[in-house]
Each structure stands twice: as structure tokens, then as C-alpha cells.
Amino acid sequence: MAPADSPEQSLERWIFLSVLFFSWTVYVWEAYLSYRQRRVFRTTTHVPSELGKIVDPETFEKSRLYQLDKSNFSFWSGLYSETEGTLILLFGGIPFLWNLSEHFTQQAGFGPEYEITQSLMFLLLATLFSAVTGLPWSLYSIFVIEEKHGFNQQTLTFFFKDAIKKFLVTQCILLPVTSLLLYIIKIGGDRKS
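The structure reproduced in this document is the subject of the present report. The numbers attached to residues start from 1 for each chain and follow its sequence in the written order. Owing to the predicted nature of the model, reporting of local features is limited to residues with pLDDT of at least 70; listing and counting of side-chain atom pairs is limited to 80 or more, with chain, interface and lining totals taken over all residues. Here the side-chain values reflect all heavy atoms present in the structure, with hydrogen atoms and water set aside.

### Quick look at the packing of aromatic side chains
Thought 1: Stacked, edge-to-face and tilted labels apply to pairs of Phe, Tyr and Trp rings (six-membered ring for Trp) whose centres lie within 6.5 Å, assigned for plane angles under 30 degrees, over 60, and everything in between, in that order. Under the definition given, this model contains 11 aromatic pairs.
Thought 2: When the ring of Phe-110 is compared with that of Tyr-114, the centres are 5.1 Å apart and the planes differ by 70°; the resulting orientation is edge-to-face.
Thought 3: For Tyr-114, a relative accessible area of 38% puts it in the partly exposed group.
Thought 4: These aromatic residues form a ring-pair network of at least three members: Phe-73, Tyr-80, Trp-137 and Tyr-140. Using a 1.4 Å probe on the protein chains alone, a residue whose accessible area is under 20% of its type maximum counts as buried, one over 50% counts as exposed, and one in between counts as partly exposed.

Dropping the structure here:
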């Protein structure tokens, strides 16, 4: 027979499951609203009378098909994202990444007292993971959907250069701001009244 959870463990488990439930509830609600919108995109094949003088039938049809493709893509990428987040939480991805960042900071010669440095390494690794796992979705969006509808002006080389620049600019903003916030929290200390 398994030992009973302590009250703290029970509370932690309840909070954890509540966060997962809330996250999936929001996702399902947004997916339902998107489904309703996709249904409108599928069934509205003629220019509504309100737009008849503004939009010609050819432009309306191109726009409708583009929005339908984007909506379908959004559903699948959203489902992937929600599933990925859930699996990361369930299988301890965050503690794993924290331990990995501790390993890297120790390899660089920083001890456990350098929690700000470890936190920055954690953020760097987390954003790198996010960039890598989001790459196939970005590629598909730009080089399949946008290309299909004639909106893609990028080459593959430009896409990767741009992705690297975005990542570096994000780090240049995220890491110093986070460092400052963590420093303020650290010097605030553990105040007990």
C-alpha cells in the first residue's frame, strides 16, 4: 500500500492538476471558437451583400481560402503546443531544464550561490528549446501556407538568418531585464515581520 500524501503534497498536486485543467479548458474553449469560425469560412462561399460593393468575388474567395488554411494550421499548432506544455509539466521538463542549467553554470565555474546566473541559463535553454520546437511550425506556415497563397517573399536562407536575429535580440532584451528583476528580488531578501 502506498504511503499517504502529506497535506503539502496534496495541495501541490491539487494546484498542479488545477493549472493543467485550466490550461486545457482555455485551449478547448478557444479551439471551439476557432471551429465555429472555420465553419463560417467553409460555408460562406459568396460575398455577403454587406460587402458586395467593397470586395469582388475573386478577392473574397482568395481571402476565404487563406483564412481557412490559417485557421486549420492554427488548430494543429495550438494542439501541439498545448500537448507539448502538458508533457513538459507531467514528465518534469522544467526541473530537468533547471538541473541542466545548474550543470552548465557549474561547468563554467559558478557555484550554487549564483542563482541569477543559473536562472539566466535556464531562460536561455528554455527559449532555445522553444525556438527549435517551433521551427517546423514556422517553416510550414511560411513556406507552405503563405507560399500557397502567394504571400511568401522569403528565401530559406533569409528565414534562418531572420530567426537567428530574432533569437539574439530576444536574449539581449530578456536576459538583462530578468537579471535586474531577479537582483531586485534577491536584495529584497526574505523579510519576516
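So that's the structure; there's more coming.
### Overview of the side chain of Thr-133
Thought 1: For helices the rule is a DSSP run of H or I covering at least 4 residues; for strands it is a run of E covering at least 2, with both sets numbered from the N terminus onward. For Thr-133, the location among the structural elements is in helix α4 (residues 115-148).
Thought 2: By the criterion applied in these results, polar contacts are pairs of N or O atoms within 3.5 Å in which, for protein atoms, one can donate a hydrogen and the other can accept it, and in which residues neighboring in sequence qualify only through two side-chain atoms. Separated by 3.3 Å, the side chain of Thr-133 and the backbone oxygen of Ser-130 make a polar contact.

### A short note on helix α5 (residues 156-188)
Thought 1: What a helix should span is 1.5 Å times the count of its residues minus one. Taking 1.5 Å per residue, 33 residues should reach 48 Å; α5 reaches 47 Å between its end C-alpha atoms and fits that length.
Thought 2: For α5, the set of buried residues is Phe-159, Phe-167, Gln-171, Leu-175 and Thr-178.
Thought 3: Should any heavy atoms of two residues lie within 4.5 Å, those residues are considered in contact. The inward-facing, buried residues of α5 contact α4.
Thought 4: Backbone geometry just after α5 places Gly-189 at a positive phi near 70°.

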